[in-house]
Amino acid sequence: MAAGKRGGNSRSQLDYYSLKAKKEGYPARSVYKLEEIQQKFQIIKPGNTVLDIGAAPGSWTLYVHRKLLKGQGHIVAVDLKPLMLDPLPAQVTVLTGDAFAPEQVDSITSRGPYHAVISDAAPSTTGNRSVDSLRSQGLAESIISLVPQLLHPGGNLVIKLFQGGGEQEVVKAMRNLFTRVKTFKPKACRKDSFEIFLIGSDLKRAEM
Ligand SMILES: C[S@@+](CC[C@H](N)C(=O)[O-])C[C@H]1O[C@@H](n2cnc3c(N)ncnc32)[C@H](O)[C@@H]1O
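A quick note: this is a predicted structure, and the numbers were derived from the prediction, not measured.

The rules behind each value
- Residues numbered from 1 in each chain as written.
- Predicted model: local features only at pLDDT ≥ 70, side-chain atom pairs only at ≥ 80, totals over all residues.
- Heavy atoms only, no water.
- Pairing = 2+ DSSP bridges.
- Helix = DSSP H or I, 4+ residues; strand = E, 2+ residues; numbered from the N terminus.
- Axes fitted to C-alpha atoms, helices over the stretch in contact; angles between N-to-C directions.
- Contact = heavy atoms within 4.5 Å.
- Near = heavy atom within 4 Å.
- Polar contact = N/O pair within 3.5 Å; in protein donor to acceptor, adjacent residues only side chain to side chain.
- Areas by Shrake-Rupley, 256 points an atom, 1.4 Å probe, with all protein chains shown as cover.
- 1 Å grid on protein atoms, 1.4 Å probe; cavity = no way out; pocket = protein on both sides within 12 Å on 5 of 7 lines; lining within 4 Å.
- Sits in = over half its atoms within 2 Å of the grid points.
- Nonpolar A, V, L, I, M, F, W, Y, C, P; charged D, E, K, R; others polar.
- Points joined across faces, edges and corners; volume = space filled by probe spheres on them.

J.: Just to check I follow, could you spell out the sheet that holds strand E1 (residues 49-53) for this structure?
T.: Hydrogen bonds between backbone groups are what pair the strands of a sheet, and the pairing can be parallel or antiparallel. Within the open sheet, the seven strands sit side by side as E3-E2-E1-E4-E5-E7-E6. Their pairing is mixed. Where the open sheet ends on each side, the last strands, each with one partner, are strand E3 (92-96) and strand E6 (178-184). Strand-to-strand, the axes of this sheet are offset by a mean angle of 15°, without reference to chain direction. Sitting on the sheet, helix H5 (residues 129-150) touches E1, strand E4 (114-119), strand E5 (151-162), E6 and strand E7 (195-203), and the angle it makes with E5 is about 175°. Running at roughly 150° to E6, helix H6 (residues 167-177) makes contact with E5, E6 and E7 of the sheet.

Pasting the structure below:
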């Protein structure tokens, strides 16, 4: 069984959200997870500067551009793989490579600070749930460690995490930084998926 999901053949079928994404011109069904997160937590406002980590093929970036920024603001989208957005909106800067490589961190940081950091980043899975959960936790912790240098005070964070690893440690690390931290499982997550999203709202000011 692949990690991050339970058995069954639902992945091979074109489900409701995949068909909707196709119809609405989004390259992946994951867009509807962000839509639910935004509807519940209002993490992004018109005119914001947004960092999307693990952005390929580009649904979250396209949704933020189309629906949330209202023609103002900017999105920096970073992924190991290229985005599949054609044409690429002028409001989007794409950075290709490992988001945590020192030169990429410099490049991301120099374009900030951001009002929101959103991450749907996921490790390549091995099929071993413990290994995959640990890798997912590693990605989440790498993002959290960058938060103080990336986000404006008052800013918001969304990260994906595979359940089964150090969920509590990750939540605890976020509670040190944000006024509110919530765990959320969008309806659009596949039924066989172990993923959840952690939402940190209102980054506290750093203590002097
Ligand atoms: C589920 S996909 C994201 C889908 C995207 N939110 C969308 O709606 O189109 C997860 C992405 O995380 C990326 N990723 C994983 N580790 C990464 C890293 N260290 N740096 C940058 N991207 C990474 C993968 O390349 C993959 O494209």
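J.: Where do I start with the site of the ligand in this structure?
T.: The local shell around the ligand holds 19 residues, among which Ser30, Gly58, Ser59, Asp79 and Asp120 are the closest. Between the ligand and Ser30 there is a distance of 2.8 Å, counted from an oxygen atom to a side-chain nitrogen or oxygen. Contact between the ligand and Ser59: an oxygen atom at 2.9 Å from a main-chain N or O atom of the residue. Notes on the ligand: free accessible area 610 Å², of which the protein chains cover 88%. One can see that the ligand is located within the largest pocket. The class makeup of the residues in the shell around the ligand is nine nonpolar, five polar and five charged.

J.: Looking at this structure, I do not really get the layout of surface pockets. What am I missing?
T.: The gaps left among the atoms become clear once a water-sized probe is rolled over them. Roughly 1100 Å³ of internal volume is contained in the largest pocket. What lines the largest pocket is a set of 44 residues, among which Ala56, Lys81, Asp120, Ala122 and Lys160 lie closest to the centre. Contributions of two or more residues to the lining of the largest pocket are made by helix H1 (16-24), helix H3 (59-68), strand E2 (74-79) and E5. Per-element accounting of the lining of the largest pocket gives the leading share, three residues, to H1. Estimates place the volume of the second largest pocket at around 190 Å³. As for the second largest pocket, its lining consists of Pro148, Leu151, Pro153, Asn176, Leu177, Leu203, Lys204, Arg205, Ala206 and Glu207. At the level of elements, E5 and H6 are the ones that each hand at least two residues to the lining of the second largest pocket.

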